[in-house]
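# Report on the structure
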Amino acid sequence: MSLVERNHEIEIEWLAVYKDYQNKGVGSNLLHYAISIAKNKNKKFLAVRTSSRNKKALRFYRKLGFQKFGFIADAYSWGETQVVLKKRI
Ligand SMILES: CC(C)(COP(=O)(O)OP(=O)(O)OC[C@H]1O[C@@H](n2cnc3c(N)ncnc32)[C@H](O)[C@@H]1OP(=O)(O)O)[C@@H](O)C(=O)NCCC(=O)NCCS
């Protein structure tokens, strides 16, 4: 997991769990750690962007309280849309 600090929020730049270790709660634990950092730094939001096709990641973030905040069309060179998700801290 890589985090970037901005004025009012922490952004998850990327988050990935090695395939053999997925679905064991590692990703959720990392997210809870990111939430605690955002809380300690008095940030308003924890933000993340992911491909609109990444259904597992979208379900994962929604389950942990993230809501759709916006979309970035043509975010990748192959024309896919990115979803911006934010969790209020
Ligand atoms: C998205 C990602 C980070 C999630 O990480 P993870 O470690 O698999 O996440 P968790 O195990 O905490 O939770 C994922 C699922 O496992 C379930 N789970 C959590 N703890 C569990 C446990 N102890 N036993 C079984 N299942 C569990 C969750 O309910 C969740 O299920 P759901 O997706 O059906 O709702 C991981 O799939 C990944 O690295 N994907 C590739 C990279 C990527 O897409 N990153 C996000 C883009 S920014």
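Here, every reference points to the structure presented above.
Residues numbered from 1 in each chain as written. Predicted model: local features only at pLDDT ≥ 70, side-chain atom pairs only at ≥ 80, totals over all residues. Heavy atoms only, no water.

## Structural notes on the pattern of salt bridges
Taken as a whole and judged by the stated rule, the model has 6 salt bridges. Two residues, Lys41 and Glu5, come together in a salt bridge whose shortest N-O distance is 3.3 Å. With a gap of 36 residues between them, Lys41 in the loop between helix H1 (26–40) and strand S3 (45–51) and Glu5 in strand S1 (residues 2–5) connect regions that are remote in the sequence. The partner of Lys86 in a salt bridge is Glu9, and the shortest N-O contact between them spans 2.7 Å. Residue Lys86 is found in strand S5 (residues 82–88), and its partner Glu9 is found in strand S2 (residues 9–14); the two are separated by 77 residues along the sequence. For the pair formed by Lys86 and Glu9, the shared burial category is buried. Look at the salt bridges and you will find they share partners, linking Glu5, Lys41 and Lys43 into a network. (Salt bridge = Lys/Arg side-chain N within 4 Å of Asp/Glu carboxyl O. Helix = DSSP H or I, 4+ residues; strand = E, 2+ residues; numbered from the N terminus. Buried < 20%, exposed > 50% of the residue type's maximum accessible area, 1.4 Å probe, protein only.)

## Quick word on the packing of aromatic side chains
Summed over the entire model, instances satisfying the criterion amount to 4 aromatic pairs. Considering the side-chain rings of Phe60 and Tyr61, the 5.2 Å spacing of their centres and the 65° angle between planes classify their relative orientation as edge-to-face. Taking relative accessible area as the criterion, Phe60 reaches 21% and is therefore assigned partly exposed. Over the aromatic face of Phe69 sits the side chain of Lys86, whose NZ or CZ is 4.1 Å from the ring centroid. (Phe/Tyr/Trp six-rings, centres within 6.5 Å; stacked < 30°, edge-to-face > 60°. Lys NZ or Arg CZ within 6 Å of the ring centre and 35° of its normal.)

## Concerning unusual backbone geometry
Phi is positive for Asn23, which is not a glycine, with a value near 60°. Turning to its location among the elements, Asn23 is positioned in the loop between S2 and H1. With a phi close to 55°, Asn42 is a non-glycine residue in the positive phi region. With respect to the helices and strands, the residue Asn42 is situated in the loop between H1 and S3. Among the residues examined, Asn42 registers a relative accessible area of 70% and is labelled exposed.

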